[in-house]
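Here's the letter readout for the chains.
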Amino acid sequence: MRVGFVGVGRIGAAHAQVVRDHPAVTAVLVADADPVRARKVADELGVEAVATTADAFRDVDAVVIAAATSAHAELMIAAAAAGLPVFCEKPVAADVAGTRAVLAAVESAGVPTQIGFQRRFDAGYVAARRAVRDGALGEVRRLHLITADAEPPHPSYVPTSGGIFRDCHIHDFDILRWVTGREVSTVYATGANRGAEVFEASGDVDESAAVLTLDDGTLATLQGSRYNGAGYDVRMEVAGTAGTHVVGLDDQAALTSAEPGVVFPEGTPFREFWSRFRPAYEAEIAAFVDVARGERESPCTAADALESFYVAEAATLSRQEGRAVTVEEVRTR
C-alpha cells in the first residue's frame with residue numbers, strides 16, 4: 001500500500017514514522033509547505049520526498065493529512081476529488097462552514113475518511129466507554145474532563161489555532177460524546193488570561209473552564225490550561241450510581257497527593273502529547289490502514305468531527321458573550 005503524506009511538522013513527522021512502520025505500507029511519499037523540511041524528514045525516515053501536494057496524491061492508495069489547520073479543508077476536498085481514502089488530523093476545517101463543505105465533498109465522492117481523535121484508541125478511554133455501555137458504573141450522573149499542557153504552543157501558532165476550545169478541547173468534546181453515547185445540549189464556558197500576551201491579543205485564553213449539559217441531563221465539567229507546570233495532564237472522570245472510573249490516573253499522572261504518607265503517583269509525569277498517547281496514535285493509524293483497504297468502517301468520520309466542532313463553537317461563543325449557548329443554536333446558524 002502506497003501512502004501520500006502531507007505535512008511533516010512536529011506531529012506530522014511522528015505520524016509519518018508510524019505510517020512508514022506499518023507492515024502493509026510499502027511506500028510513503030512526503031510533501032510539506034516547506035520542501036526543505038519535507039526532504040529532511042524524508043531522509044531521516046528513509047521515505048520519498050515529493051515536490052508538491054499534487055505529487056503526494058499521485059499513484060497512491062490513501063492520503064494522510066497533518067498539515068496546518070488552515071489547509072485541512074482544501075486538502076480533504078482534493079483527496080475526495082481524487083477518490084482517495086483520507087486520514088486528517090483534527091480539526092477538519094477552521095469553521096463550521098468549512099467543515100460542512102468537507103463533509104459534503106467526501107460524502108458525495110464516497111471516499112472513506114478518518115479524523116485524528118486519537119483518544120478513541122487509548123486503552124483508558126476504551127475501558128471507560130465499555131464500563132458506561134455495560135452498566136458497570138450504574139447510571140452516569142457526572143463527568144469531569146481535564147486537558148492541560150505543560151508548556152504553551154509556539155507564539156506563532158496561537159493566532160491561527162482557532163482558540164483553546166476549537167484547538168484543544170475539541171478532543172474533550174469528541175471523547176465525551178464517544179464515551180457516553182450522548183450529545184451535548186448546552187454549554188457555559190469561561191476563561192482567563194494569565195500567561196503570554198499573544199493569547200489575549202489573539203482573542204484567546206490560556207486558562208479555560210466550562211459546564212456542559214448532556215441531552216439526558218447529565219452534567220460534565222471541563223478545565224484546561226496552557227501552563228500546567230506539573231506536566232501534561234489529560235484525564236476524564238466518569239461517575240455513576242454504582243462506581244467511578246478515572247482515565248489517566250496512573251503513575252505518570254501530573255499530580256502530587258497532599259495526603260500524609262501517600263506517595264502515589266511515583267512515576268515521572270508526561271511533558272507532551274506524543275509520549276502520553278503514542279500507543280493510541282499507532283492504533284489509529286493501524287485502523288486507518290484497515291479503513292483504506294476496505295476492511296472496516298471508519299471509527300471516526302468527518303460527521304463525528306462536525307458534531308464535536310458544534311460543541312467547540314458553542315463553547316467559544318459562550319465565553320465571548322458570557323452566556324449559556326445551546327448546541328442547537330450553533331447547528332442552525
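How each quantity is defined
- Residues numbered from 1 in each chain as written.
- Predicted model: local features only at pLDDT ≥ 70, side-chain atom pairs only at ≥ 80, totals over all residues.
- Heavy atoms only, no water.
- UniProt positions renumbered as here; feature names shortened; annotations may be inferred.
- Phe/Tyr/Trp six-rings, centres within 6.5 Å; stacked < 30°, edge-to-face > 60°.
- Lys NZ or Arg CZ within 6 Å of the ring centre and 35° of its normal.
- 1 Å grid on protein atoms, 1.4 Å probe; cavity = no way out; pocket = protein on both sides within 12 Å on 5 of 7 lines; lining within 4 Å.
- Points joined across faces, edges and corners; volume = space filled by probe spheres on them.
- Helix = DSSP H or I, 4+ residues; strand = E, 2+ residues; numbered from the N terminus.
- Nonpolar A, V, L, I, M, F, W, Y, C, P; charged D, E, K, R; others polar.
- Domains from an automatic or database assignment.
- Buried < 20%, exposed > 50% of the residue type's maximum accessible area, 1.4 Å probe, protein only.
- Lys, Arg positive; Asp, Glu negative; His and termini not counted.
- Salt bridge = Lys/Arg side-chain N within 4 Å of Asp/Glu carboxyl O.
- Contact = heavy atoms within 4.5 Å.
- Pairing = 2+ DSSP bridges.
- Right-handed = clockwise from strand over helix to strand, strands pointing away.
- Expected span 1.5 Å × (residues − 1).
- Arc of directions from axis to C-beta.
- Disulfide = S-S within 2.5 Å.

- For the protein chain, the name recorded in an unreviewed UniProt entry is Dehydrogenase, with Jiangella aurantiaca as its organism.
- Its UniProt record gives the protein chain a comment under Sequence similarities (unreviewed entry), which states: "Belongs to the Gfo/Idh/MocA family."

## Thoughts on the packing of aromatic side chains
- Under the definition given, this model contains four aromatic pairs.
- A cation sits over an aromatic face here: Arg 129 above Trp 178, 4.5 Å from the ring centre.
- It is Arg 276 that lies over the ring of Phe 277; its NZ or CZ is 4.2 Å from the centre.

## Structural notes on the layout of surface pockets
- Roughly 1300 Å³ of internal volume is contained in the largest pocket.
- Lining of the largest pocket is provided by 47 residues; of these, Arg 10, Ile 11, Tyr 157, Asp 167 and Phe 273 occupy positions nearest its centre.
- Breaking the lining of the largest pocket down by element, the ones donating at least two residues are helix H1 (10–21), helix H4 (69–81) and helix H10 (273–292).
- It is H4 that contributes the most residues to the lining of the largest pocket, five residues altogether.
- Residues of the lining of the largest pocket, tallied by class, amount to 20 nonpolar, 15 polar and 12 charged.
- A domain split of the lining of the largest pocket shows at least three residues from each of domain 1 (2–111) and domain 2 (120–280 + 307–332).

## Concerning empty space enclosed by the protein
- Taken as a whole, this structure holds two cavities of 30 Å³ or more when the rule is applied.
- Quantified by volume, the largest cavity comes out at close to 60 Å³.
- As for the largest cavity, its lining consists of Tyr 232, Asp 233, Val 234, Arg 235, Gly 248, Asp 250, Gln 252, Ala 253, Ala 254, Phe 270 and Arg 276.
- Of all the elements, strand E11 (residues 233–240) adds the most residues to the lining of the largest cavity, at three residues.
- Here the lining of the largest cavity is built from residues that sort into five nonpolar, two polar and four charged.

## Observations regarding the UniProt feature "domain: Gfo/Idh/MocA-like oxidoreductase N-terminal" (unreviewed entry) in the protein chain
- The UniProt record annotates "domain: Gfo/Idh/MocA-like oxidoreductase N-terminal" (unreviewed entry) at residues 1–117.
- End-to-end, the C-alpha atoms of residues 1–117 are 23 Å apart, and along that stretch the chain is 46% helix and 19% strand.

## Description of the UniProt feature "domain: GFO/IDH/MocA-like oxidoreductase" (unreviewed entry) in the protein chain
- Here, the residues flagged by UniProt with the feature "domain: GFO/IDH/MocA-like oxidoreductase" (unreviewed entry) are residues 125–244.
- A distance of 13 Å separates the end C-alpha atoms of residues 125–244, which is 25% helix and 35% strand.

## Re the side chain of Glu 284
- With respect to the element layout, Glu 284 can be found in helix H10.
- Arg 120 provides the closest opposite charge to the buried, salt-bridge-free Glu 284, at an N-O distance of 8.6 Å.
- Ignoring any residue separated from it by four or fewer positions in sequence, one finds Glu 284 in contact with His 15, Phe 87, Glu 89, Gln 114, Gly 116, Phe 117, Gln 118 and Phe 121.

## A few points about the pairing of strand E2 (residues 27–31)
- Counting buried positions over the five residues of E2 gives five, a clear majority of the element.
- Alternating residues of E2 divide into Ala 27, Leu 29 and Ala 31 and Val 28 and Val 30, and every residue in both groups is buried.
- Pairing between strand E1 (residues 2–6) and E2: five bridges, direction parallel. Paired with Gly 4 across the bridge in E2 is Leu 29.
- With two bridges connecting them, E2 and strand E3 (residues 48–49) associate as parallel partners. By the bridge assignment, Val 30 is partnered in E3 with Ala 49.
- In this region the chain leaves E2, passes through helix H2 (residues 35–45) and returns to the parallel neighbour E3; the handedness of that crossover is right-handed.

## Brief notes about helix H5 (residues 96–109)
- The end-to-end C-alpha distance of H5 is 20 Å, a good match for the 20 Å that 14 residues give at a rise of 1.5 Å each.
- Within the span of H5, buried status applies to Val 96, Gly 98, Thr 99, Val 102, Leu 103 and Val 106. Take H5 and look down its axis: the buried residues cluster within an arc of 160 degrees, on one side only. Of the exposed residues in H5, the ones pointing more than 90 degrees away from its buried face are Ala 97 and Ser 108.
- Gly 110 sits one or two positions beyond H5 and adopts a positive phi of about 75 degrees.

## A short note on the state of the cysteines
- Scanning the model with the defined rule gives zero disulfides in all.
- Its sulfur unpaired, Cys 88 is 11 Å from the next cysteine sulfur, which belongs to Cys 300.

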